[in-house]
Amino acid sequence: MFAPLEVYAMSGLGASAPPTRERLRKHVYRPDETAGPPSPELAEILSRHRGVRGALISILQDIQAHYGYLPADQLRIAARETGVPLSRIYGVATFYHQFRLDPPGQHLVRVCRGTACHVGHSLELLRALGSHLGIGQDQTTPDGQVTLQTVACMGACSLAPVLVVDGETHARMTPDRAVEIVQRLQNAAADREIDRAFGVTSAGTSSSPLSRAAGEGAGGEAPCR
Ligand code: FES
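Residues numbered from 1 in each chain as written. Predicted model: local features only at pLDDT ≥ 70, side-chain atom pairs only at ≥ 80, totals over all residues.

Draft legend 1. Molecular detail of the sheet that holds strand β4 (residues 163-165). Strand order in the open sheet formed by 5 strands is β2-β3-β1-β4-β5, and the pairing between neighbours is mixed. Each edge of the open sheet is held by one strand with a lone partner, namely β2 (139-140) and β5 (168-170). Here 6 bridges tie strand β1 (residues 107-112) to strand β3 (residues 146-151), and the two strands are oriented parallel to one another. Across the sheet, residue C112 finds its bridge partner in β3, namely V151. Across the face of the sheet, helix α8 (residues 122-133) comes into contact with β1, β3 and β4 while running at roughly 150° to β1. Across the sheet, helix α9 (residues 175-197) lies against β1, β3, β4 and β5, angled at about 5° from β4, the strand it touches most. (Pairing = 2+ DSSP bridges. Helix = DSSP H or I, 4+ residues; strand = E, 2+ residues; numbered from the N terminus. Contact = placed C-beta atoms within 7 Å. Axes fitted to C-alpha atoms, helices over the stretch in contact; angles between N-to-C directions.)

Laid out in structure tokens, this is it:
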């Protein structure tokens, strides 16, 4: 059995090339030169953690808190600025359940999968919602409306099984009621979309150029009585 240095010497590199740690490294990290300059927000996040050992998770948490997820371009810039290889950043981001690599939907629906909720059949909630929305766990509907997630425990075990929709806790859920709540969200979103298409403001008045022209015209028709 040879010691590592002896093996190095036998490899033909010779005594004139001392086996420094750097020369023996297989992969040398090269920063991504194509990544753009950091935005002021990202620069502020990075400067907050600059020089702090083991701050990668905190940096990722702050980036996600700002953007709602971890945008790929921001991770590339963060890798260059911190000197942490991008592969390591992705390794951490994909290892921890708390991080998202895709933008979340407009509504966040979370099913608690902690022990008390599991005993209360929260898996059935998850299945019912997944089949209603046509997506799996940690996915977002194609229209970008709803993201379906699970959480370990919401700290409301006496209310199990628990469903949390946009931060609002719904206690003792059943699959039917869970689907009903999400369906109401989707209906409201569809109504807003229609209102937007017709230029109806939240006050119930139309803001479309057509309606404004009709209302402003001197000889416009009298409103219905
Ligand atoms: S296990 Fe669901 S709230 Fe605790």
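Draft legend 2. Up close: helix α5 (residues 72-82). All of the buried residues along α5 are Q74, L75, I77, A78 and A79. Where the residues of α5 are buried, they touch α3 (40-49), α4 (56-67) and α6 (86-95). Of the residues flanking the end of α5, it is G83, one or two places downstream, whose phi is positive at about 80°. (Buried ≥ 20, exposed ≤ 12 C-beta atoms within 10 Å, placed from the backbone.)

Draft legend 3. Spotlight on the pairing of β3. Here 2 bridges tie β2 to β3, and the two strands are oriented antiparallel to one another. From the neighbouring strand, Q139 faces β3, where its bridge partner is L148. Here β2 folds back onto β3, and the loop between the two strands holds 5 residues, one of which, G144, carries a positive phi near 75°.

Draft legend 4. The arrangement of the confidence of the model for the chain in detail. Across the chain, the average pLDDT comes to 80, with 73% of residues at or above 70. Confidence over residues 1-15 falls short of pLDDT 50; this stretch has 5 contacts with residues more than four positions distant or in other chains. This stretch, residues 207-225, has a pLDDT under 50; its non-local contacts, to residues over four places away or in other chains, come to 8 contacts. (pLDDT = per-residue confidence, 0-100.)

Draft legend 5. Broad picture of the environment of L86. Relative to the elements of secondary structure, L86 occurs in helix α6. Accessibility expressed as a C-beta count within 10 Å gives 17 for L86, which makes it partly exposed. The spatial distance from the C-alpha of L86 to the C-alpha of A72 is 9.9 Å, given a sequence separation of 14 residues.

Draft legend 6. Region of the structure containing the nonpolar core. Grouped together as the largest cluster of nonpolar side chains are 16 residues, with contacts concentrated most on V111, L125, L129, V162, L163, A178 and V182. Of all elements in the fold, only β1, α8, β3 and α9 reach the threshold of two or more residues within this core. Examining the composition of this core, we find that 4 residues originate from one element, α8, more than from any other. Excluding residues within four positions of it along the chain, L163 makes contact with V111, L125, H170, M173 and A178. Within the second largest apolar cluster, 11 residues are counted, among which are L42, L60, L75 and I77. (Core = buried A, V, L, I, M, F, W, Y, C linked by C-beta atoms within 7 Å.)

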